Amino acid sequence: MTGTRTINWHGETAHLLEGPDGARAHVIPAVGANCIAFSVPIRGGRAHLLSTPTSADVLRGRPTFWGFPILAPYPGRHVTPFRWQGGALNVHVVERPGVMLHGFAARVPWEVIGAGADFVTCALDSESVPNRRDAWPFPFRATATHRVADGQLTLTLEVENRASVPVPHLRSEEHTSE
């Protein structure tokens, strides 16, 4: 992996991405491939543009609160059981009874499959996640590429359905009045 640079961040390996313009990002593959820091040079200093946790323990305690978390296989808050294709799916959750919150991808390790000076690509095979069937009944593979260029941080996320059936697309909770 030519050009990639890693650092020790509170006991976790962080990939340090650096653009030619001085933009910098830190990605932690072991905790959801979360980009926990992004900064750009400005007037002789740095503008820090993401909420960075104070330690790896703080990040692990609330991985969807810090940085730029990947919320998969569903973002937002959803009531469980939910209806899909004429049946009810009861997803076991750890957040609170009866509520699915942000999926599990931000809480589990991802594998680094490519890296360079300004990017890192990580993959998550849901079949490698313990008790995945209880958390989400549909297998998938997600690939995330964080890139720093032109003073910007981009995330390209691809998700491949590995189930033999169509998978529900759960959007963030929409508030409606009845």
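Thresholds applied
Residues numbered from 1 in each chain as written. Predicted model: local features only at pLDDT ≥ 70, side-chain atom pairs only at ≥ 80, totals over all residues. Heavy atoms only, no water. Helix = DSSP H or I, 4+ residues; strand = E, 2+ residues; numbered from the N terminus. Buried < 20%, exposed > 50% of the residue type's maximum accessible area, 1.4 Å probe, protein only. Contact = heavy atoms within 4.5 Å. Areas by Shrake-Rupley, 256 points an atom, 1.4 Å probe, with all protein chains shown as cover. Core = buried A, V, L, I, M, F, W, Y, C linked by side-chain atoms within 4.5 Å. Salt bridge = Lys/Arg side-chain N within 4 Å of Asp/Glu carboxyl O. Pairing = 2+ DSSP bridges. Axes fitted to C-alpha atoms, helices over the stretch in contact; angles between N-to-C directions.

> With reference to specific residues and values, describe the overall build of the protein.
Broken down by element type, the protein carries two helices and 13 strands. In the protein, buried positions account for 43% of the 178 residues. For the protein, long-range pairs separated by at least 24 residues make up 50% of all intrachain contacts whose partners lie at least 6 apart in sequence. Accessible surface, the protein: about 9,800 Å² in total, of which carbon and sulfur atoms supply 51%.

> How would you summarise the nonpolar core if you had to cite specific residues and measurements?
In this structure, Ala25, Phe38, Phe104, Trp110, Leu124, Trp136 and Val148 are the most contacted members of the largest nonpolar core, which totals 33 residues. Those elements that provide at least two residues to this core are strand E3 (24-28), strand E4 (34-42), strand E11 (119-125) and strand E12 (140-149). The biggest single contributor to this core is E12, with four residues. Residue contacts for Phe104: discarding those within four places in its chain leaves Ala72, Pro73, Leu124, Ser126, Val129, Arg132, Ala135, Trp136 and Phe140. Among the nonpolar cores identified, the runner-up in size contains nine residues, and Val31, Ala37, Leu59 and Trp66 belong to it.

> So what about the pattern of salt bridges? Which residues, and what values?
Scanning the entire structure with this criterion turns up six salt bridges. A salt bridge links Glu18 to Arg24, with the nearest nitrogen and oxygen atoms 3.3 Å apart. On the basis of relative accessibility, which here comes to 31%, the residue Glu18 falls in the partly exposed class. The exposure class of Arg24 is partly exposed, given its relative accessible area of 31%. Here Arg162 makes a salt bridge to Glu160, at a shortest N to O gap of 3.7 Å. Exposure remark for Glu160: the relative accessible area of 41% places this residue in the partly exposed category. A single salt-bridge network, built from bridges that share partners, covers Arg5, Glu18 and Arg24.

> So what's going on with the sheet that holds strand E1 (residues 5-9)? Which residues, and what values?
The strand order across the open sheet formed by five strands is E1-E2-E3-E4-E5, and the pairing between neighbours is antiparallel. Strands with a single pairing partner mark the edges of an open sheet, and in this sheet they are E1 and strand E5 (45-48). If you compare each strand with its neighbour and ignore which way they point, the axes differ by 30° on average. Pairing geometry for E1 and strand E2 (residues 12-18), over five bridges, is antiparallel. Bridging from a neighbouring strand, Thr6 pairs with His15 of E2.

Purely geometric numbers; function is a separate question.
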